[in-house]
Amino acid sequence: MKERVATNLKKVLADLPEGVRLVAVSKFHPVEELLEAYDAGQRIFGESQVQELQRKVAAMPSDVEWHFIGHLQTNKVKYLAPYVSMIHAVDSLKLLREIDRQAAKNDRVIDVLLELHIAEEETKYGFSPSDCRELLASGEWRELRHVRICGLMMMATYTDDTTQIRLEMEQAQSLFHELKANYFAEEPSFCERSWGMSHDYRIALETGATLVRIGTTIFGERVY
Ligand SMILES: *Cc1c(COP(=O)(O)O)cnc(C)c1O
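Everything in this summary refers to the structure shown in the same document. Computed from a predicted model, the values in this text were never measured in an experiment.

### Some details on unusual backbone geometry
Peptide bonds are mostly trans, and most non-glycine residues show a negative phi.
Stage number 1. Even without being a glycine, Phe-28 presents a positive backbone phi close to 70 degrees.
Stage number 2. Topologically, Phe-28 is positioned in the loop between strand 1 (21-25) and helix 2 (31-39).
Stage number 3. Residue class for Phe-28 comes out partly exposed when judged on its relative accessible area of 30%.
Stage number 4. Despite not being glycine, Asp-107 shows a phi value in the positive range, around 60 degrees.
Stage number 5. Secondary-structure assignment places Asp-107 in the loop between helix 5 (93-105) and strand 5 (110-116).
Stage number 6. Here Asp-107 falls in the exposed class, since its relative accessible area comes to 69%.

Put into C-alpha cells, the structure is as follows:
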C-alpha cells in the first residue's frame, strides 16, 4: 500500500503539540520507507544499530538528523561521531568520555541525553536516579567540552498499566526539573525529555516529553 507511511506519519504529527519533536524510529525498516517519511517532511530518524545506521546514512539525503537511540558500546562511538545529531542513551561516564574523545577528533560537539532507568525490567540500561545525581555531582562531565548534555531519556516499563507508565514518566520529569535547577539553570540547551513510544506516547505528552520516539505506529511492525 503506497502512502501508508506518509499517512501514518501525518496522523502522529497531528497529535504532537508545539515544541514536541518526533524521532521517527526506522530501525529494521527499509530505506524506501524512510524515504517515504522523508518526502512527507520528516527529518529526524532514530536507529539503534550502528551498522544499519551506517548503511542508511549512505543511502539517505544529507539533511537527515540521525539520532542514535539504542544501547551504544564505547568501541562503536567512533563510527557515529562524524555525523550523529544526538545520542539518546548515555548510560555510563565511560561512554560519555568516549563520545567526548571522538567528537573532539571530529572537531564537533555532540548532543547527548542521559538514560534513566526507572522501569521495573532488569534488562533496561541506564542510570538510576541516584546514580544520575552522583554523576552530575561529581562534576567531571563539566570538563568534557565536546559533549553537550541536553536532557534525559527513559523507557517506561512495557505494560498495559497506564498508571504505572505515567508514574514512571512523572518520576523522570521531576528528576529532569531537579537536575535542571541544580546543574543547568543557566543552560537553555538542557531542555530535552525523550520518552514515549508507539504504545505510550500520549502519556508522554502529558508528562513533559519534548522528543517522542515512535516506530511501529509510523512504519508498522518490525520484521527481525
Ligand atoms: C525501537 C525503539 C523505539 C520505538 O518503539 P515503537 O514501539 O516501535 O514505537 C523507541 N525507543 C527505543 C529506545 C527503541 O529501541
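Next comes the rest of the write-up.
### Topic: the pairing of strand 6 (residues 147-154)
Stage number 1. Across the 8 residues of strand 6, 7 count as buried, placing the element largely inside the fold.
Stage number 2. As defined by bridge partners, strand 5 adjoins strand 6 across 7 bridges and the pair is classed as parallel. Within strand 6, the position partnered with Leu-114 by the bridge is Leu-152.
Stage number 3. In this region the chain leaves strand 5, passes through helix 6 (residues 129-138) and returns to the parallel neighbour strand 6; the handedness of that crossover is right-handed.
Stage number 4. Pairing of strand 6 with strand 7 (residues 192-194), which is carried by 3 bridges, proceeds in the parallel orientation. Paired with Gly-151 across the strands is Glu-192, a residue of strand 7.
Stage number 5. Read as a crossover between parallel neighbours, the route from strand 6 over helix 7 (residues 162-183) to strand 7 is right-handed.

What counts and how
Residues numbered from 1 in each chain as written. Predicted model: local features only at pLDDT ≥ 70, side-chain atom pairs only at ≥ 80, totals over all residues. Heavy atoms only, no water. Helix = DSSP H or I, 4+ residues; strand = E, 2+ residues; numbered from the N terminus. Buried < 20%, exposed > 50% of the residue type's maximum accessible area, 1.4 Å probe, protein only. Pairing = 2+ DSSP bridges. Right-handed = clockwise from strand over helix to strand, strands pointing away.

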